[in-house]
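Descriptive analysis of the structure
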Amino acid sequence: MRATAYVPGSCGELVQGLVGESYFLITCPIDKGSQVTVTLERGKDYLKGPAGRSKALHAVRLTLEFLRIKAGALVEIENPLPVGKGLASSTADVAAAAVATALAAGRELTLEELTRIVVQVEPSDGVFLPGISLFEHISGKRWEYLGEPPPLDILIVDLGGAVDTLAFNRRPDLWELNRAKEKWVREATRLVKEGLSQGNAALIARGATLSAWANQRILPKEELPVIFDIALSSGALGINIAHSGTVVGILYEPGTVDQKKLKALLKERYPFLNLMPARVVSGGVKVGEQKLFLPSRGELAGGPAEIRVGARGASGF
């Protein structure tokens, strides 16, 4: 009774904000993430896993409770992404742990069921959803597949420090501040959707940049203007940010930026920065090389995304 699942992390979000009554984000999955292996022992009652990964262990417990299975669980996690930065490290752990637990038990989850488990742990990134997706990340009640990313590299710039996602989303002024930037979020969303439909990386980056600037009143990043100027002068298309985290992403088409020179310019201005090259990829859950969910739109209250996942893969959409 053992299974392994993989979910990518992210570099913040392409867009995040409020439109109407919908508070959502648009995912920015990257080619680094969390691989979780769960081993179950039926009839036992223990939960063991790595220190500092309590959210993943919580997901295992919730999944076992949902499946009505009593079992001891050993959880192993391989995840290079630091927590509290906006890299979806915790979301990747949680989603991969839930899927691995279900598969180890010989059971299946729908995408709705997985979403319910994930958002019970914390407001979550949508990196477990296929492709680039729009996701109501606090309620989890709605998601929408927007398309596949065109070739797009990203230099992740860590400004240092950490943000507590749970505390951030409890801010009493958060709704009002998001309402104030709604018109920019609408335009940013339009640009990203259009860019994905056309395979146009420049439009995606333009939308992401607009959302990044609009978020400066909510979680300001003092270094952002200088980083933006360095990025554009180096040939990048634009930037994106973790709207509730500490990282900035510099977006550029493969082969168009001298990455070594870009890193040197950033370090010369801000020696404390941590820099990590990555690539924007399609989101989703993988077991081995197999993607488990098909692209969809869905709502938790009986939407069309009745896609089941198990050892045989995705079916039924």
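Residue indices follow the written sequence of each chain, beginning from 1 at its first position. Only residues with pLDDT of at least 70 get local features here, since the model is predicted, and only at 80 or more are side-chain atom pairs given and counted; chain-wide, interface and lining totals rely on the full set of residues. Excluded from the side-chain calculations are hydrogens and water; all other atoms, namely the structure's heavy atoms, are used.

This part takes up the nonpolar core. With 48 residues, the main nonpolar core has Val7, Leu40, Leu114, Phe128 and Val285 as its most contacted residues. For the purposes of this entry, the term helix denotes a DSSP run of H or I that reaches at least four residues, the term strand denotes a run of E that reaches at least two, and both are numbered from the N terminus. When contributions to this core are tallied by element, the ones reaching two or more residues are strand E1 (2-19), strand E2 (22-42), helix H1 (54-67), strand E4 (71-78), helix H2 (89-104) and helix H3 (111-121). For this core, the element with the highest residue contribution is H2, accounting for 11 residues. Two residues form a contact once any of their heavy atoms are found within 4.5 Å. Contacts of phenylalanine 128, omitting those with residues within four sequence positions, involve Val7, Thr91, Ala95, Leu111, Leu114, Thr115, Val118, Phe135, Gly284, Val285 and Phe293. Take the buried Ala, Val, Leu, Ile, Met, Phe, Trp, Tyr and Cys residues and link them wherever side-chain atoms come within 4.5 Å; each set so joined is a nonpolar core. Here's how the labels work: a residue is buried when its accessible area is under 20% of the maximum for its type, exposed when over 50%, partly exposed in between, all with a 1.4 Å probe on protein chains only. With 29 residues, the next largest nonpolar core counts Phe24, Ile30, Ile154 and Ala201 among its residues.

Here a cavity denotes grid points, spaced 1 Å and computed from the protein atoms alone, that fit a 1.4 Å probe unable to get out, and a pocket denotes an open set having protein on both sides within 12 Å along at least 5 of 7 lines; residues with an atom within 4 Å of a point are the lining. Grid points are joined across faces, edges and corners, and a volume is the space filled by probe spheres set on the points. Of the pockets and cavities examined, the largest pocket occupies roughly 460 Å³. Together, 33 residues line the largest pocket, and Lys55, Gly84, Ser90, Glu122 and Thr165 are the ones closest to its centre. Contributing elements (two or more residues each) for the lining of the largest pocket: E1, H1 and H2. Broken down by element, the residue count for the lining of the largest pocket peaks at four residues, all from H2. Counted as a void, the second largest pocket has a volume near 150 Å³. Around the second largest pocket sit Lys44, Asp45, Tyr46, Leu47, Val60, Arg61, Leu64, Glu65, Ile69, Lys70 and Ala71, which together line it. The element contributing the most residues to the lining of the second largest pocket is H1, with four residues. The classification used treats Ala, Val, Leu, Ile, Met, Phe, Trp, Tyr, Cys and Pro as nonpolar, Asp, Glu, Lys and Arg as charged, and all other residues, Gly among them, as polar. By residue class, the composition of the lining of the second largest pocket is six nonpolar, no polar and five charged.

As a further point, take the packing of aromatic side chains. Stacked, edge-to-face and tilted are the three classes for Phe, Tyr and Trp ring pairs, Trp counted by its six-membered ring, which pair at centre distances within 6.5 Å; planes under 30 degrees apart are stacked, over 60 edge-to-face, the rest tilted. Tallied over the full model, the rule gives four aromatic pairs. With a centroid separation of 6.5 Å and an interplanar angle of 65 degrees, the aromatic rings of tyrosine 23 and tryptophan 175 are classed as edge-to-face. One end of the pair, tyrosine 23, is in strand E2; the other, tryptophan 175, is in helix H5 (residues 174-180), with 152 residues separating them in the sequence. On the basis of relative accessible area, tyrosine 23 is assigned to the buried category, the value being 11%. The class of tryptophan 175 is partly exposed, set by a relative accessible area of 43%. Directly above the aromatic system of tyrosine 46 lies the positively charged group of lysine 48, at a separation of 5.2 Å from the ring centroid. Lysine NZ or arginine CZ positioned within 6 Å of the ring centre and within 35 degrees of the ring normal marks a charge as sitting over the ring.

Axis separation between H2 and H3 bottoms out at 10 Å; the angle between their running directions is 135 degrees. It follows that H2 is oblique to H3 by the angle criterion. Seen from above, H2 lies across H3 with right-handed handedness. Side by side, H2 and H3 meet where Thr91, Val94, Ala95, Ala98 and Val99 of the first sit next to Leu114, Ile117, Val118 and Val121 of the second. For the contact of H2 with H3, the class distribution of residues is eight nonpolar, one polar and no charged. Axis definition: a line fitted to C-alpha atoms, limited for helices to the stretch in contact. Angles are taken between N-to-C directions and run from 0 to 180 degrees. Reported orientations rely on four angle classes, namely roughly parallel under 35 degrees, roughly antiparallel over 145, roughly perpendicular from 65 to 115, and oblique for the rest. The sense of a crossing depends on the near helix, which, turned anticlockwise from the far helix by less than a right angle, makes the crossing left-handed and, turned clockwise, makes it right-handed.

Before going further, it helps to examine empty space enclosed by the protein. Taken as a whole, this structure holds one cavity of 30 Å³ or more when the rule is applied. Considered as a void within the structure, the largest cavity measures approximately 40 Å³ in volume. What lines the largest cavity is simply Leu14, Ile132, Pro149, Pro150, Leu152, Leu196, Ile204 and Val280. The class makeup of the residues in the lining of the largest cavity is eight nonpolar, no polar and no charged.

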